[in-house]
Amino acid sequence: MAKNLQSGDRLRPIDLARGHSLSTQAVRNYEEDGILPAADRTRHGYRTYTPLHARALSAFVALLPGHGHQGAASIMRAVNGGRTEEALRLIDEGHAQLLEDRRTLRAVEGALRGLEGGARPRSADPAASGGRTGSGGRAGAAAPPRPDEGSGAAEPGATFIGPLADRLGVRPATLRAWERAGLVRPRRDPRTGYRVYGGADVRDALLVHQLRRGGYLLEQIAPLIDQVRSAGGLEPLEGALRDWRARLSARGRAMLAGAAELEAYLRERETV
């Protein structure tokens with residue numbers, strides 16, 4: 001029989017569950033997953049919990065909004081396994097990701113300011129894309145002609161799929177998926193058949209990429225891009241950015257609340 005970490009008042013699964021609007025099965029699952037310390041058993045096989053288990057559950061629930069289920073569970077398993085340093089490292093990683101997301105938001109805002117100010121994304125040279133073809137082909141293949149060297153009107157800032165994918169740090173298949181979703185609409189060069197991304201297409205691809213990094217789904221991005229196109233500007237994204245900023249702030253505060261509950265749990269463990 002597992003030895004409990006604290007003696008004292010005995011609690012039933014329902015006692016822990018009610019405090020957080022959970023089911024008793026969820027409490028049992030959390031114990032089995034290592035999120036809660038192992039419970040003692042009565043001679044009839046029933047689980048008995050203690051105030052320490054209640055504190056552990058409170059810590060886990062508080063960690064969820066800031067770190068997500070997987071992150072919060074990993075932190076609690078580390079603590080309950082006596083690996084406090086690992087738990088602190090996981091918390092640090094969560095804060096580092098939040099900081100990176102804030103930097104991404106600032107990058108999006110900076111990109112929008114540049115686009116609103118009339119700055120065009122620079123054209124990428126297909127020959128400098130590591131040998132990738134404009135259609136996303138194998139490395140080492142001959143580079144396609146520049147968009148302004150083929151037939152059709154030359155357009156400043158135009159580029160092919162390979163260089164644009166390199167610039168964004170995504171696979172050409174990702175750009176093709178965005179095209180199928182209607183998020184980018186490159187034209188086809190009538191002579192070569194290659195996709196050609198004009199200045200507006202590059203703008204749309206940049207916005208899609210940054211919004212995806214911000215956690216937006218393709219179906220959430222589509223109406224924003226449609227509004228940008230129909231309005232002829234980027235004003236519709238201001239609301240999305242405000243929402244993104246608010247979600248980052250809420251996540252930061254949730255991390256603070258989770259840290260406070262976890263610290264209380266750690267202190268209580270130390271008194272056992």
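Residues numbered from 1 in each chain as written. Predicted model: local features only at pLDDT ≥ 70, side-chain atom pairs only at ≥ 80, totals over all residues. Heavy atoms only, no water.

**A look at the overall build of the protein chain**
- The secondary structure content of the protein chain amounts to 9 helices and 4 strands.
- Taken from the N to the C terminus, the helices and strands of the protein chain come in the order α-α-β-β-α-α-α-α-β-β-α-α-α.
- Across the protein chain, every contact between residues at least 6 apart in sequence was considered, and the portion connecting residues at least 24 apart equals 65%.
- Entry remark: accessible area of the protein chain is about 14200 Å², with carbon and sulfur atoms responsible for 49%. (Helix = DSSP H or I, 4+ residues; strand = E, 2+ residues; numbered from the N terminus. Contact = heavy atoms within 4.5 Å. Areas by Shrake-Rupley, 256 points an atom, 1.4 Å probe, with all protein chains shown as cover.)

**Observations regarding the environment of Glu32**
- Note that Glu32 resides in helix α2 (residues 24-32).
- Here the side chain of Glu32 touches Arg47 through a polar contact of 3.3 Å, side chain to side chain. (Polar contact = N/O pair within 3.5 Å; in protein donor to acceptor, adjacent residues only side chain to side chain.)

**Focus: the packing of aromatic side chains**
- Using the criterion set out here, one finds 2 aromatic pairs in the structure.
- Between Tyr30 and Phe60, the ring centres sit 4.9 Å apart and the planes meet at 65°, which makes this aromatic pair edge-to-face. With Tyr30 in helix α2 and Phe60 in helix α3 (residues 51-80), the pair connects residues that are 30 residues apart, well separated along the chain. Residue Tyr30 shares its accessibility class with Phe60, and that shared class is buried.
- Ring centres of Phe160 and Tyr194 lie 5.6 Å apart, and the angle between their planes is 70°; on these two criteria the pair is classed as edge-to-face. Taken together, the residues Phe160 in the loop between α4 (84-116) and α5 (161-168) and Tyr194 in the loop between β3 (187-188) and β4 (195-196) connect sequence positions 34 residues apart. (Phe/Tyr/Trp six-rings, centres within 6.5 Å; stacked < 30°, edge-to-face > 60°. Buried < 20%, exposed > 50% of the residue type's maximum accessible area, 1.4 Å probe, protein only.)

**Details of the pattern of salt bridges**
- One pass over the structure, following the stated rule, counts 12 salt bridges.
- Here Glu31 and Arg47 are joined by a salt bridge, their closest N and O atoms 2.8 Å apart. Residue Glu31 is found in helix α2, and its partner Arg47 is found in strand β2 (residues 47-48); the two are separated by 16 residues along the sequence. The burial state of Glu31 is the same as that of Arg47; both residues are buried.
- Here Glu261 makes a salt bridge to Arg55, at a shortest N to O gap of 3.9 Å. Taken together, the positions of Glu261 in helix α9 (residues 237-270) and Arg55 in helix α3 put the pair 206 residues apart, joining distant regions of the chain.
- By relative accessible area, Glu261 is classed as partly exposed at 27%.
- We classify Arg55 as partly exposed; its relative accessible area is 31%. (Salt bridge = Lys/Arg side-chain N within 4 Å of Asp/Glu carboxyl O.)

**Comments concerning the nonpolar core**
- Counting residues in each nonpolar core, the largest one holds 32 residues, and the members touching the most others are Leu168, Leu175 and Trp178.
- Those elements that place two or more of their residues in this core are α4, α5, α6 (172-180), α7 (199-213), α8 (218-231) and α9.
- Beyond its immediate chain neighbours, meaning those up to four positions away, Trp178 contacts Leu168, Leu183, Val184, Ala205, Val208, His209, Arg212 and Leu218.
- In this structure, Tyr49, Ile75, Ile91 and Tyr265 belong to the second largest nonpolar core, which totals 26 residues. (Core = buried A, V, L, I, M, F, W, Y, C linked by side-chain atoms within 4.5 Å.)

**Comments concerning the packing of α5 against α6**
- For the pair α5 and α6, interaxial distance at closest approach is 8 Å and the crossing angle is 105°. With respect to α6, the element α5 is oriented roughly perpendicular. Where α5 approaches α6, its residues Ile161, Leu164, Ala165 and Leu168 are matched on the opposing element by Pro172, Leu175, Arg176 and Trp178.
- When grouped by side-chain class, the residues that make up the contact of α5 with α6 number 7 nonpolar, no polar and 1 charged. (Axes fitted to C-alpha atoms, helices over the stretch in contact; angles between N-to-C directions. Parallel < 35°, antiparallel > 145°, perpendicular 65-115°, else oblique. Nonpolar A, V, L, I, M, F, W, Y, C, P; charged D, E, K, R; others polar.)

**So, α3**
- In a regular helix each residue adds 1.5 Å, so 30 residues correspond to 44 Å; α3 covers only 15 Å between its end C-alpha atoms and thus falls short of that length.
- Backbone geometry just after α3 places Gly82 at a positive phi near 80°. (Expected span 1.5 Å × (residues − 1).)

**Concerning the side chain of His209**
- The topology assignment puts His209 in helix α7.
- The exposure class assigned to His209 is buried, which follows from its relative accessible area of 15%.
- Those residues within four positions of His209 in sequence are excluded, and the remaining contacts are Leu168, Val170 and Trp178.

**Remarks on the confidence of the model for the protein chain**
- In the predicted model, the protein chain carries a mean pLDDT of 81, and the fraction of residues at 70 or more is 78%.
- The lowest-confidence element of the protein chain is α8, averaging 78 in pLDDT; the highest-confidence one is α3, averaging 97.
- Overall, residues 118-142 carries pLDDT values under 50, and its contacts beyond four positions in sequence, including any with other chains, amount to 54 contacts.
- Counting contacts from residues 149-153, a segment whose pLDDT is below 50, to residues more than four positions away or on other chains yields 7 contacts. (pLDDT = per-residue confidence, 0-100.)

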